[in-house]
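# Chains, contacts and geometry: an overview
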Amino acid sequence: MGDDLNLDEFKRLLNERLVSIEQGRAALRQGGAPVELDQAKVGRLSRMDALQQQAMAQATARRNEQEIQRIHTALARLRSGDYGYCVTCDEDISPGRLLADPATLVCIDCARATEKR
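None of these values were measured; they are calculated from a predicted model. (Residues numbered from 1 in each chain as written. Predicted model: local features only at pLDDT ≥ 70, side-chain atom pairs only at ≥ 80, totals over all residues. Heavy atoms only, no water.)

## Focus on the nonpolar core
Quick note on the threshold: Among the buried residues, those of types Ala, Val, Leu, Ile, Met, Phe, Trp, Tyr and Cys that are joined through side-chain atoms within 4.5 Å form a nonpolar core. Exposure categories follow from relative accessible area, calculated using a 1.4 Å probe and restricted to protein chains: below 20% of the type maximum is buried, above 50% is exposed, and the middle band is partly exposed. Every helix listed is a DSSP run of H or I at least four residues long, and every strand listed is a run of E at least two residues long, numbered separately from the N terminus. The contact rule is simple, with two residues in contact once any of their heavy atoms fall within 4.5 Å.
Ranked by internal contacts, the top residues of the largest apolar core, which has 17 residues, are Leu 14, Ile 71, Leu 75, Tyr 83 and Leu 98. Looking at this core, the elements with two or more residues in it are α1 (7-31) and α2 (44-80). Broken down by element, this core gets its largest block of residues, five residues, from α2. In contact with Ile 71, not counting residues within four places along its chain, are Leu 14, Arg 17, Leu 18, Ile 21 and Ala 103.

## Thoughts on the packing of aromatic side chains
Note the threshold: Centres within 6.5 Å are what make two rings of Phe, Tyr or Trp a pair, Trp counting through its six-membered ring; a difference in plane orientation under 30 degrees is then read as stacked, over 60 as edge-to-face, and the rest as tilted.
By the definition in use, this model includes one aromatic pair. Between Phe 10 and Tyr 83 the ring centres are 5.7 Å apart and the planes differ by 45 degrees, which places this aromatic pair in the tilted class. Of this pair, Phe 10 sits in helix α1 while Tyr 83 is found in the loop between α2 and α3 (95-100), placing the two residues 73 residues apart along the sequence. Taken as a pair, Phe 10 and Tyr 83 share a single burial class, namely buried.

## As for a negative patch on the surface
So the rule is basically this: Exposure above 30% relative accessible area and no salt bridge define the residues that can form patches, which grow by joining like charges within 9 Å and nonpolar side chains of Val, Leu, Ile, Met, Phe, Trp and Tyr within 5 Å. Each accessible area is a Shrake-Rupley result for a 1.4 Å probe, and residues are judged covered by the shown protein chains and nothing else. The working definition used for a salt bridge is a side-chain nitrogen of Lys or Arg within 4 Å of a carboxyl oxygen of Asp or Glu. In this tally, Lys and Arg are treated as positive and Asp and Glu as negative; His is ignored, and so are the chain termini. Charged groups are reduced to one reference atom each: NZ for lysine, CZ for arginine, CG for aspartic acid, CD for glutamic acid.
On the surface, a cluster of negative charge is contributed by Asp 82, Asp 90, Glu 91 and Asp 92. The residue Asp 82 is located in the loop between α2 and α3 in this model. We classify Asp 82 as partly exposed; its relative accessible area is 37%.

On their own, these measurements won't tell you what the molecule is for.
Listed below in structure tokens is the structure:
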């Protein structure tokens, strides 16, 4: 990877994102709580709304888990010296792309090729 890449800065960005996700988990846990099914306590539309909110919270939790895994992978690549290289073609990932998504594993060309499939 070129000398113009400040690996400490990317490590900081990745760790900040990890902390941010972890802080948001508490709110998601509340949104993913079981929905009260007692019709006397909660009306049908309220239950439907609660079920929808629960499903959205669960989907967000799954996306966050995937993002956490991507961040851990990027941090491991930083430690091993592989950070900033495309896992597909082994070329440099542009610093701009890494700034946009520090956890990215592929260069823009390989990402575009994957999208076309």
